[in-house]
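# Notes for the structure review
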Amino acid sequence: MSAAVTVTQSDPPAVAAAPGGNRWWTLAIVSIATFMLMLDLTVVNVALPDLRTALHADFSDLQWVLDAYALTLAAFLLTGGSLADRLGRKRVFGAGFTIFTLSSLAAGLAPGILALNLARGAQGVGAAVLFAVGPALLGQEFRGKDRAMAFGVFGGVSGLAIAFGPLIGGGLTQGLSWRWIFLVNVPIGIAAMVLGALRLRESVEPGAHRVDRAGLVTFSSALVLIVLGFLRGENEGWTSAPIISMFVAGVALLAVFVVIERRAGADAMLDLSLFRIRTFNGISAATLLANAAGMSAIFLQVSYIQNVLGASPLEAGLRFLPMTLTLFVAAAVTGSLTVAVPPRVLVGVSLTLIAVGLALVSLVTVDSSWTALLPSMIATGLGMGMFNPPRASLSIAVVEPGRAGMAAGMGETFQQAGIAIGIAGLGALFQSRVTSLFAASAAGHSLGPQADSAGRAIASGGGTDLVKTLPANLARPVAEAAKAAFVHGLDQVLLVGSGIAAVSAVIGFLLIRRSDLHASALAGAETGPDAG
């Protein structure tokens, strides 16, 4: 069956109405892609101890397993959205699925940690295309209240994947092997690509000109350098020449990118006028900060449950079920509220709940069981679930449908850059705090010059292995000091994360307004589900 072709115009009434069957297929295919991509952000967390052992990886290597994916995902999101508007959203979406599926196969078969991290970087490129184009495909097929419903499903699926990641990862790692957290993508990806080829409609922006290659290269290079600086800052030293050079070069390339885009006119990959829209600025800043805080918190809490409480990968996933269920229900309910409730209220309240949830981690003490995390899990899950639907819809609601790919790509760029920077920055702060707290303890003093290296091993989950190498008279006090350093470091770092989320909530309340939304996004609220 050949798919129909629709040319997306700037004027919403000129967009051909999507056949009922096709748009539901579009929602299903985009949801499958979204589930796979968001799953790969969290499914790896519970497998990290197994990866550390199987591939002889250190703390920096383990960070790269997460950050290589987030780094390339952030760097190529805007590129993917811009190319989709010009070359065809269906065509670019299919290319992204192919890259993601093949790189998942490479990751699952990786013989060593370097090969795995290179494959994760390639996964991020494919994921960037899918992340950027998916919301644009939904925006092209749905209008008004139906669009709100579609983005509710989109947000619910995103939340489900984020929340169920630890459980699915734990089940695959413990039941089969860590390799299957990547290999499971292959058959699903092949099936989704076939469905996409048969059921997705093609659409392009009729006024699109040549591909903005200069903008593409300068923007991607700038973002890679800036994020890489955050990733490597703790290990290299924040004032070291390589790190300062990365930041300076990244900012310089961003300035060059702005000049290129101003001169490119209609060929520009990013319309800089987006940043004159207060709501776009607000949701972008809130998204970056909220993801920096929230996703790094999941990473650290999974590490606590496994490395301090001794849970297996599957047990760790099961203990995250309260957050899983709360997040999914909240996302599903919030999707239906995006038309009826002012967006600034949805965004502001959801981010406030994330801030409260991260602060509640302070209830965890050295003697706590995993249930001490329940208040934090429920509040954070509620906030993250409420945030996903309005975040996805607001990014494209401020522009006409013809620029949806570009706007979606920029919105997702802020999300993934936030994840990469948060895991790197708060992860570095956590490692620093655990190392300092352990070195300052009596047990740390007893280890002398080895205290700092021992602290870094504890932060990366190697505390148990460390204790096994010590004589009997040191083993118990070192184990107790290691546990205390880990728990107190977790509390302190997630209080910082809570403050970051609180700032994002203030931004959401102050900068987001319904008056900035494009007429096509408001049509359903005014004339019902058949509008547009």
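## Some points on the overall build of the protein
Summing up its helical and strand segments, the protein has 21 helices and 0 strands in all. Here the protein holds 532 residues, and 60% of them are scored as buried. Pairs at least 24 apart in sequence give 85% of the contacts found in the protein among residues at least 6 apart. Carbon and sulfur atoms form 67% of the exposed surface of the protein, whose accessible area is close to 18,600 Å².

## Looking at the pattern of salt bridges
In this structure the tally under the stated criterion is 1 salt bridge. The closest approach of N and O atoms between E480 and R476, which form a salt bridge, is 3.2 Å. With E480 and R476 both in helix α20 (residues 472-511) and 4 residues apart, this pair spans about one turn of that helix. The class of E480 is partly exposed, set by a relative accessible area of 46%.

## Observations concerning the packing of helix α11 (residues 278-307) against helix α15 (residues 374-397)
Contact pair α11 / α15: the axes reach a minimum separation of 11 Å and the direction vectors enclose 145°. The handedness of the crossing between α11 and α15 comes out as left-handed. In this structure, α11 uses T279, F280, I283, A286, T287, A290, N291, M295, I298, Q301 and I305 to contact α15, whose residues at the interface are S376, M377, M384, F387, R391, L394 and S395. Looking at the contact of α11 with α15 residue by residue, the class counts come to 11 nonpolar, 6 polar and 1 charged.

## With respect to helix α18 (residues 451-459)
When we look at burial in α18, the residues that qualify are A451, A454, G455, I458 and A459. Buried residues in α18, looked at end-on, bunch into an arc of 140°, giving them a common side.

## As for the confidence of the model for the protein
Of all residues in the protein, 83% have pLDDT values of 70 or greater, and the mean over the chain is 78. At the low end of the mean pLDDT range in the protein sits helix α21 (residues 519-527), at 45; at the high end sits helix α14 (residues 343-359), at 91. In this model residues 1-19 is a low-confidence stretch, pLDDT under 50, and it forms 45 contacts with partners more than four residues away in sequence or in other chains. Low pLDDT (under 50) marks residues 519-532, which in the prediction has 21 contacts with non-local residues, meaning those over four places away or in another chain.

## Description of the environment of I226
The topology assignment puts I226 in helix α9 (residues 213-236). Sequence spacing of I226 and A249 is 23 residues, and the spatial spacing of their C-alpha atoms is 8.2 Å. Aside from chain neighbours lying at most four places away, what touches I226 is F247, G250, V251 and L254.

## Re the side chain of Q301
Examined against the element boundaries, Q301 turns out to sit in helix α11. Note on Q301: relative accessible area 1%, which makes it buried.

## Some thoughts on the side chain of Q306
Mapped onto the elements, Q306 comes out in helix α11. Under the relative-accessibility criterion, Q306 is labelled buried at 9%. The residues touching Q306, leaving out its near neighbours within four places in the chain, are N45, V46, P49, A311, S312, P313 and A316.

Thresholds applied
Residues numbered from 1 in each chain as written. Predicted model: local features only at pLDDT ≥ 70, side-chain atom pairs only at ≥ 80, totals over all residues. Heavy atoms only, no water. Helix = DSSP H or I, 4+ residues; strand = E, 2+ residues; numbered from the N terminus. Buried < 20%, exposed > 50% of the residue type's maximum accessible area, 1.4 Å probe, protein only. Contact = heavy atoms within 4.5 Å. Areas by Shrake-Rupley, 256 points an atom, 1.4 Å probe, with all protein chains shown as cover. Salt bridge = Lys/Arg side-chain N within 4 Å of Asp/Glu carboxyl O. Axes fitted to C-alpha atoms, helices over the stretch in contact; angles between N-to-C directions. Left-handed = near helix turned anticlockwise from the far one by under 90°. Nonpolar A, V, L, I, M, F, W, Y, C, P; charged D, E, K, R; others polar. Arc of directions from axis to C-beta. pLDDT = per-residue confidence, 0-100.

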